[in-house]
Amino acid sequence: MKKFTLLAATAACLTAMALGGCGDDLNETEKKIAGKWHSLETIEFEETEESYAFDFTIDATDTYENDRTFKTEGKLIVKVYPQWEETWETDAYSNIVTLTYSLSGEGTWNATEKEIATKGDADSFECELKEWKAIEKDDIAEVTAEQYMTLMEDMIRELKHEFTKESTDKIEKLTDDTMVISYTDEETGEEMETEHVRVK
């Protein structure tokens, strides 16, 4: 799931919606896609001089409706690893700080045999902190949580930007139960893939 997973629509669909259509004439690919899909994507960041090691996971369910609208609901989980403990028995992080955000949004979509195009609605996008926790809520954990809450403000703005811009991604695989989408990372140029599993 790119950015937060496949989000952008074409002008043709938007025009059709404005005229009151865009739902009764799904092509064969769109008929296969219509329904509810779950995806799980984790991105890891190594420790640097300025930052602890951390990762964030997007756990989302996308519902593609027959009228070519979609809804995304899920959560964004950020795990930070501020304390490393090395003993003769084990090497492990002695504390992990976890921030959990709710995630939701709506938009429009359409598809051809090889591509899916989506666009999220900016007004519908929401990403809110629900809780933070740590193995031990000590001073380091509290400071770390506050630092990453601030860091996440920029990340959330970027997520919203990615969600609302028009985007077209390749459909690498589409069966009754699985959909694999690929896209090119704009910063690295690397080809990325996300697997979606149909929710029954």
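Here the structure is a predicted model, which is why all the values come from computation and not from measurement.

### Describing the overall build of the protein chain
For the protein chain, the count of helices and strands is 3 helices and 9 strands. Going from N to C terminus, the protein chain has its helices and strands arranged as α-α-β-β-β-β-β-β-α-β-β-β. Sorting the 200 residues of the protein chain into buried and exposed places 42% on the buried side. Counting contacts in the protein chain only where the partners sit at least 6 residues apart, residues at least 24 apart contribute 65% of the total. Summed over all atoms, the accessible surface of the protein chain reaches about 11,400 Å², with 46% contributed by carbon and sulfur.

### So, the pattern of salt bridges
In total, this model carries 7 salt bridges according to the counting rule given. A salt bridge links aspartate 25 to arginine 68; the nearest nitrogen and oxygen atoms lie 3.1 Å apart. Of this pair, aspartate 25 sits in the loop between helix 1 (11–18) and helix 2 (28–33) while arginine 68 sits in the loop between strand 2 (53–64) and strand 3 (69–86); the two residues are 43 residues apart in sequence, bridging distant segments of the chain. For aspartate 25, a relative accessible area of 54% puts it in the exposed group. Among the charged side chains, a salt-bridge network with shared partners connects Asp25, Glu30 and Arg68.

### Examining the pairing of strand 9 (residues 191–198)
Bridge analysis of strand 1 (residues 35–45) against strand 9 gives 3 bridges, and the strand direction is antiparallel. Across the sheet, residue tryptophan 37 finds its bridge partner in strand 9, namely arginine 198. Where strand 8 (residues 178–184) lies against strand 9, 7 bridges are found, and the strand directions are antiparallel. Looking at the pairing, serine 182 lines up with glutamate 193 of strand 9. Linking two consecutive strands that pair antiparallel, namely strand 8 and strand 9, is a turn of 6 residues; a positive phi of about 75° is found at glycine 189 within it.

### A closer look at helix 3 (residues 139–164)
In this model helix 3 runs 38 Å from its N-terminal to its C-terminal C-alpha over 26 residues, within 8% of the 38 Å that 1.5 Å per residue would give. The sharpest bend along helix 3 comes to roughly 25°, located at glutamate 153. Every buried residue of helix 3 is listed here: Ala141, Thr144, Ala145, Tyr148, Met152, Met155, Ile156, Leu159, Glu162, Phe163 and Thr164. Of the residues flanking the start of helix 3, the one acting as N-cap is aspartate 138, its side-chain oxygen 3.3 Å from the backbone nitrogen of isoleucine 140.

### Side note on the packing of aromatic side chains
Enumeration according to the criterion identifies 7 aromatic pairs in this entry. Each ring, one from tyrosine 64 and one from phenylalanine 70, has its centre 6.2 Å from the other, and the planes form 40°; the classification is tilted. For the pair formed by tyrosine 64 and phenylalanine 70, the shared burial category is buried. Judged by centre distance (5.5 Å) and plane angle (45°), the ring pair of phenylalanine 125 and phenylalanine 163 falls under tilted. Of this pair, phenylalanine 125 sits in the loop between strand 5 (115–120) and strand 6 (126–134) while phenylalanine 163 is found in helix 3, placing the two residues 38 residues apart along the sequence. Site record: aromatic cluster; members linked through ring pairs are Tyr64, Phe70, Trp109, Phe125 and Phe163. One residue, lysine 137, lies across the ring of tryptophan 132, its end atom 4.3 Å from the ring centre.

### Points about the side chain of threonine 100
Mapped onto the fold, threonine 100 is located in strand 4 (residues 91–111). For threonine 100, a relative accessible area of 15% translates into the label buried. Among residues more than four places away in sequence, those in contact with threonine 100 are Leu76, Ile77, Glu128, Leu129, Lys130 and Glu131.

Parameters at a glance
Residues numbered from 1 in each chain as written. Predicted model: local features only at pLDDT ≥ 70, side-chain atom pairs only at ≥ 80, totals over all residues. Heavy atoms only, no water. Helix = DSSP H or I, 4+ residues; strand = E, 2+ residues; numbered from the N terminus. Buried < 20%, exposed > 50% of the residue type's maximum accessible area, 1.4 Å probe, protein only. Contact = heavy atoms within 4.5 Å. Areas by Shrake-Rupley, 256 points an atom, 1.4 Å probe, with all protein chains shown as cover. Salt bridge = Lys/Arg side-chain N within 4 Å of Asp/Glu carboxyl O. Pairing = 2+ DSSP bridges. Expected span 1.5 Å × (residues − 1). Bend = angle between axes of the 7 residues up to and from the residue. Polar contact = N/O pair within 3.5 Å; in protein donor to acceptor, adjacent residues only side chain to side chain. Phe/Tyr/Trp six-rings, centres within 6.5 Å; stacked < 30°, edge-to-face > 60°. Lys NZ or Arg CZ within 6 Å of the ring centre and 35° of its normal.

On their own, these measurements won't tell you what the molecule is for.
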